[in-house]
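Understanding the architecture of this molecule
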Amino acid sequence: MNVQYLSNEKGERTGVYISLKDWEDIQKRLGETDFWDELPDHVKDGIDRAQKQAMAGQTKPHDEVMAKYSKYL
């Protein structure tokens, strides 16, 4: 990868230039990263439970939750 740095009038690096091909390669690799696979099972289970509860209408409005729990903040 050929990297070229951009500098301001003080000589401080302010940016970087890479080829379009290198940029597309980086974007492709970033797009392939799926954080879900890196989550612990108990976190995935909690997210699944929360999604099922939301789909079943088992949620409470934000202001109701804040009124009940604001004393703990």
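Cut-offs used in this document
Residues numbered from 1 in each chain as written. Predicted model: local features only at pLDDT ≥ 70, side-chain atom pairs only at ≥ 80, totals over all residues. Heavy atoms only, no water. pLDDT = per-residue confidence, 0-100. Helix = DSSP H or I, 4+ residues; strand = E, 2+ residues; numbered from the N terminus. Salt bridge = Lys/Arg side-chain N within 4 Å of Asp/Glu carboxyl O. Phe/Tyr/Trp six-rings, centres within 6.5 Å; stacked < 30°, edge-to-face > 60°. Buried < 20%, exposed > 50% of the residue type's maximum accessible area, 1.4 Å probe, protein only. Lys NZ or Arg CZ within 6 Å of the ring centre and 35° of its normal.

1. As for the confidence of the model for the chain
- In the predicted model, the chain carries a mean pLDDT of 90, and 99% of its residues have values of at least 70.
- For the chain, per-element mean pLDDT is lowest for helix α1 (residues 20–32), which scores 86, and highest for helix α2 (residues 41–55), which scores 94.

2. Considering the pattern of salt bridges
- Under the definition given, this model contains two salt bridges.
- Salt-bridge contacts for Asp25 lead to Lys21; the nearest nitrogen and oxygen are separated by 3.1 Å. One end of the pair is Asp25 and the other is Lys21, both in helix α1 and four residues apart, which spans about a single turn.
- For Glu64, the salt bridge identified is with Lys60, shortest N-O distance 3.9 Å.

3. Here we look at the packing of aromatic side chains
- Overall, the coordinates contain one aromatic pair when judged by the stated rule.
- Seen in terms of ring centroids, Tyr69 and Tyr72 are 6.2 Å apart; in terms of plane orientation they differ by 40 degrees. Their pairing is tilted.
- A residue is classified by how much of its surface remains accessible, and Tyr69, at 40% relative accessible area, is partly exposed.
- If you follow Arg13 out to its NZ or CZ, it ends over the ring of Tyr5, 3.7 Å from the centre.

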